[in-house]
Amino acid sequence: MDGTHEERGAHRKKKTQKALMHLRIETGFLPAVSFIIGTVVGSGIFTAPKGVLMNSSSVGLSLLVWKPERRHHCSLCFIVCLSAVCGQAVLNTRIVGGQSAPPGSWPWQVGLVRNGSFFCGGSLINRKWVMTAAQCLPRCMDVPLLTTVLLLHVFPLFVSPFYLSNDTSNLLVLMGRQSLATSSPSEVFRTVTQIINHPNFNPATLDNDIALVRLSSPVNFTTHVLPICLAASDSTFYNGTDAWVTGWGNVGSGVAPPVPYDLREVDVPVVGNRQCNCDYGVGTITDNMMCAGSPAGGKGTCQILSLKGDGGGPLVSKQGGRWIQGGIVSFGIGCSLPNFPGVYTRVSQYQSWISSQVSSDQPGFVTFMSGGTDGDLNVTCPSLPPPVALPPLPAATLCGQAGYNTRIVGGQSAAPGSWPWQIGVFKNGFLLCGGSLITSEWFVTAAQCFPR
């Protein structure tokens, strides 16, 4: 092309603006949109011929990429244990039923792009590793999801071993991005050198739906690119715990997010596993899963059977000024339907596995503790087994927590479980006295209850 370097640059900029004016929605397997990626900030690891449009064979985002410029930016570089850095979104002051997230609110959110098509979310857990859902990395991206699910249920032993792929070719990880349709000076790209799927992932039931993705080179931490803390193995997420989920997925059944396709956020309460099993069918929800969503519906991720778009993204809760990831978006039925909460991989179940795979620069594992008692223990439905007994915690940890008590005095019949320390002392079949349980082996009562 004739003209000076500045004129050619102005021409490319004009073409970019024109392309952005003609963003198009494509229909197909993935909830897809078209978007433009401009300048890549950082090391310039991804390059492509100028003005070349790459279309994915699996319908998704048409990705128009120019060779990135090298640009210096301020980085917040840390040489400390990640548990001191993770989960601190300094720009955060607080999907379906949700709203656009302010830029930088969720700096650990990543997007996975293959062959120019955005298909899943994930979360940054240290400088070189991303965590996502194993189902996001199938061998055949072009096979319709419903076909895959049916094959897995009819021929599970034959199909399951061939479901996952460790192919890293044409796979990009997008970080620090707010909108899919517009570039940002805070964004960073990396290619991928390794994929580790959980060895016990079951594509038919989506149990152990977790995978680790190794970046081609470490990222520098900034206000828009930071790791998330991971829930440690002794974490508890009781029914009703506040949580947030983020993603670029659909905003309704078959409804793509509005231009410019901003990252979206929504707050959802945790739903206990007993209630979730009653909702989905007893046995569907394993101990490796957790659920979250409004009982009335309308808030949560948009998913049909399993998910592309929001899938693999983080479910996080805040504790003491720090955000902790409790779940990975896995599956659900429909778009936030009533009594069908979203189902997530329970991160705390995988501390040992993650630590064994990430040999250096360990992620920050933090114990999340829910207050009070878990109301989910009182949930029953046909064929649901009784709740598991609480672990042998010290009495001082459990004492005085009456989860079903909403009153102090009044003179009416007490609801079952309102006063869980109350005991009765019987002799020869007759009630003598009351008392209160103080440890697993001792109770206290009045001396007069035992006359000589």
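Heads up: the structure comes first, above all this text.
These figures come from a predicted structure and were not determined experimentally.

### Observations concerning the overall build of the protein chain
At step 1: Counting its regular elements, the protein chain contains six helices and 22 strands.
At step 2: Sorting the 452 residues of the protein chain into buried and exposed places 49% on the buried side.
At step 3: Of the roughly 21600 Å² that the protein chain leaves accessible, carbon and sulfur atoms contribute 58%.

### Quick word on the sheet that holds strand β6 (residues 117-124)
At step 1: Sheet architecture is closed into a barrel: six strands sit in the order β5-β6-β7-β10-β9-β8, paired in antiparallel fashion. Along the sheet, successive strands turn relative to each other by an average axial angle of 45°, direction set aside.
At step 2: Bridge analysis of strand β8 (residues 171-175) against strand β9 (residues 188-197) gives four bridges, and the strand direction is antiparallel. Within the sheet, the bridge partner assigned to Leu174 lies in β9 and is Phe189.

### Looking at the packing of aromatic side chains
At step 1: Overall, the coordinates contain eight aromatic pairs when judged by the stated rule.
At step 2: Consider the rings of Trp106 and Trp244, whose centres lie 5.9 Å apart with planes at 35°: the pair is tilted. Of the two residues, Trp106 is situated in the loop between β4 (99-100) and β5 (109-114) and Trp244 in strand β12 (residues 242-247); the sequence distance between them amounts to 138 residues.
At step 3: Among the residues examined, Trp106 registers a relative accessible area of 4% and is labelled buried.

### Details of the nonpolar core
At step 1: Residues Leu124, Met131, Val173, Met175 and Ile354 are the most contacted members of the largest nonpolar core, which totals 64 residues.
At step 2: Discounting chain neighbours no more than four positions away, the residues touching Met131 are Gly122, Ser123, Ile125, Ile210, Ala211, Leu212, Leu230, Gly312, Gln325, Ile328, Val347 and Ile354.
At step 3: Among the nonpolar cores identified, the runner-up in size contains 17 residues, and Phe237, Ala243, Val266 and Tyr344 belong to it.

### Things to note about the environment of Val343
At step 1: Within the secondary structure, Val343 sits in strand β18 (residues 342-346).
At step 2: Assessed through its relative accessible area of 0%, Val343 is described here as buried.
At step 3: When the C-alpha positions of Val343 and Cys291 are compared, they lie 4.5 Å apart, and in sequence the two are 52 residues distant.

### Observations concerning the pattern of salt bridges
At step 1: Summed over all chains, the structure comprises one salt bridge.
At step 2: As a salt-bridge pair, Arg177 and Glu187 come within 2.8 Å of each other at their nearest N and O atoms. Placement of Arg177 in the loop between β8 and β9 and of Glu187 in the loop between β8 and β9 is noted, with a sequence separation of 10 residues between them.

### Focus: the pairing of β8
At step 1: Within β8, five of the five residues are buried, which leaves it mostly tucked inside the rest of the structure.
At step 2: The alternating pattern of β8 places Leu171, Val173 and Met175 and Leu172 and Leu174 on opposite faces, both of which are buried.
At step 3: Sheet topology note: the β5/β8 ladder contains five bridges and is antiparallel. The residue bridging Gly111 from the neighbouring strand is Leu174, located in β8.

### Observations regarding the state of the cysteines
At step 1: Under the counting rule described, the total for this entry stands at five disulfides.
At step 2: Cys86 shares a disulfide with Cys229; S-S distance 2.0 Å. Across the disulfide from Cys86 to Cys229, rotation about the S-S bond amounts to roughly 90°, and the bridge is consequently right-handed. Of the two residues examined, Cys86 and Cys229, each falls in the buried class.
At step 3: A sulfur-sulfur distance of 1.9 Å marks the disulfide that ties Cys433 to Cys449.

About the thresholds
Residues numbered from 1 in each chain as written. Predicted model: local features only at pLDDT ≥ 70, side-chain atom pairs only at ≥ 80, totals over all residues. Heavy atoms only, no water. Helix = DSSP H or I, 4+ residues; strand = E, 2+ residues; numbered from the N terminus. Buried < 20%, exposed > 50% of the residue type's maximum accessible area, 1.4 Å probe, protein only. Areas by Shrake-Rupley, 256 points an atom, 1.4 Å probe, with all protein chains shown as cover. Pairing = 2+ DSSP bridges. Axes fitted to C-alpha atoms, helices over the stretch in contact; angles between N-to-C directions. Phe/Tyr/Trp six-rings, centres within 6.5 Å; stacked < 30°, edge-to-face > 60°. Core = buried A, V, L, I, M, F, W, Y, C linked by side-chain atoms within 4.5 Å. Contact = heavy atoms within 4.5 Å. Salt bridge = Lys/Arg side-chain N within 4 Å of Asp/Glu carboxyl O. Disulfide = S-S within 2.5 Å.

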